[in-house]
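Secondary and tertiary structure notes
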Amino acid sequence: ALRTQMAVTLQVVRYPQYFLADLHRGFGGSQVSSKIGITYRRCPAAAESEAPEELEITGVAPDGLLERWNQLHIARSLYQFVVMPRMRIQAVDDIEDDLDRMQ
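Residues numbered from 1 in each chain as written. Predicted model: local features only at pLDDT ≥ 70, side-chain atom pairs only at ≥ 80, totals over all residues. Heavy atoms only, no water.

1. Some remarks on the pattern of salt bridges
Just so we agree on the cut-off: The rule for a salt bridge is simple: a side-chain nitrogen of Lys or Arg has to be within 4 Å of a carboxyl oxygen of Asp or Glu. Strands here mean DSSP runs of E at least two residues long; helices mean DSSP runs of H or I at least four residues long; both are numbered from the N terminus. Only protein chains enter the accessibility calculation, which uses a 1.4 Å probe. A residue is then buried if its area is under 20% of the maximum for its type, exposed if over 50%, and partly exposed in between.
One pass over the full model with this rule turns up 6 salt bridges. Of the charged contacts in the structure, one is a salt bridge between Glu 56 and Arg 41, with a shortest N-O distance of 3.1 Å. Of the two residues, Glu 56 is situated in strand S2 (residues 54-60) and Arg 41 in strand S1 (residues 38-43); the sequence distance between them amounts to 15 residues. Overall, Glu 56 belongs to the buried group, its relative accessible area being 10%. Here Glu 56 and Arg 88 are joined by a salt bridge, their closest N and O atoms 3.5 Å apart. Taken as a pair, Glu 56 in strand S2 and Arg 88 in strand S3 (residues 88-89) lie far apart in primary sequence, 32 residues in all.

2. With respect to unusual backbone geometry
In this structure, Ser 77 takes a positive phi of about 60° despite not being glycine. Among the secondary structure elements, Ser 77 is positioned in the loop between helix H1 (65-75) and S3. Of the residues examined, Ser 77 reaches a relative accessible area of 45% and is grouped as partly exposed. The residue Arg 86 is not glycine, and still its phi comes out positive at about 85°. Mapped onto the secondary structure, Arg 86 falls in the loop between H1 and S3. The exposure class assigned to Arg 86 is exposed, which follows from its relative accessible area of 69%.

3. As for the layout of surface pockets
Stated precisely, the cut-off is as follows: Only protein atoms enter the calculation, which uses a 1 Å grid: trapped sets of points that fit a 1.4 Å probe without letting it out are cavities, open sets showing protein on both sides within 12 Å along at least five of seven lines are pockets, and any residue with an atom within 4 Å of a point is a lining residue. Grid points are joined across faces, edges and corners, and a volume is the space filled by probe spheres set on the points. In this count, Pro and Cys sit with the nonpolar residues alongside Ala, Val, Leu, Ile, Met, Phe, Trp and Tyr, while Asp, Glu, Lys and Arg are called charged and the others, Gly among them, polar.
Here the largest pocket defines a volume of roughly 1100 Å³. Together, 31 residues line the largest pocket, and Ala 21, Ile 89, Gln 90, Ala 91 and Val 92 are the ones closest to its centre. Of all elements in the fold, only S1, S2, H1, S3 and strand S4 (91-92) reach the threshold of two or more residues within the lining of the largest pocket. Split by residue class, the lining of the largest pocket holds 20 nonpolar, 4 polar and 7 charged.

4. Quick look at a nonpolar patch on the surface
So the rule is basically this: Exposure above 30% relative accessible area and no salt bridge define the residues that can form patches, which grow by joining like charges within 9 Å and nonpolar side chains of Val, Leu, Ile, Met, Phe, Trp and Tyr within 5 Å. Reported accessibility uses the Shrake-Rupley method at a 1.4 Å probe radius. Residues are deemed covered only where the shown protein chains occlude them.
On the surface, Leu 2, Val 8, Leu 10 and Val 12 cluster together to form a nonpolar patch covering roughly 450 Å² of accessible area. Relative to the helices and strands, Leu 10 resides in the segment before S1.

5. Quick look at H1
Short version of the rule: Contacts are residue-level and defined by heavy atoms, with any inter-residue pair within 4.5 Å sufficient.
Within the sequence span of H1, burial applies to Leu 65, Leu 66, Glu 67, Trp 69, Asn 70, Leu 72 and His 73. Where H1 is buried, its residues touch S1 and S2. Looking at the residues trailing H1, positive phi occurs at Ser 77, about 60°.

Okay, structure coming up:
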C-alpha cells in the first residue's frame, strides 16, 4: 500500500520514556504464576554520568508474569507498554539506583 496507493493513513505511536509494569504474583488468569519471567544484566552508570544504575532486560520467558502482561497489552493494542529485551529497569518496588537491592 505504501508504494502503490495515492494516499495512506499512518497511525504512529510514540513510546513513553518511562512506564510502570505492575506485576503481581498470582496474576495470570486461571493459572497461578509466581515467576516474573525475565532475564537481565546489570548496567552500571558511567562514572561521569548522573544517570541511575539500571538493569537491562535480556529476555522475556514465555510462561512468566511479564509475558502475561505483554499479551494483555497486545490484546488491547497498547503496544507502547509491551516490555522487550534491551529495555531498562530503573526501579523495582520503589528501589532505584541500588542494583543489589533491585535484584
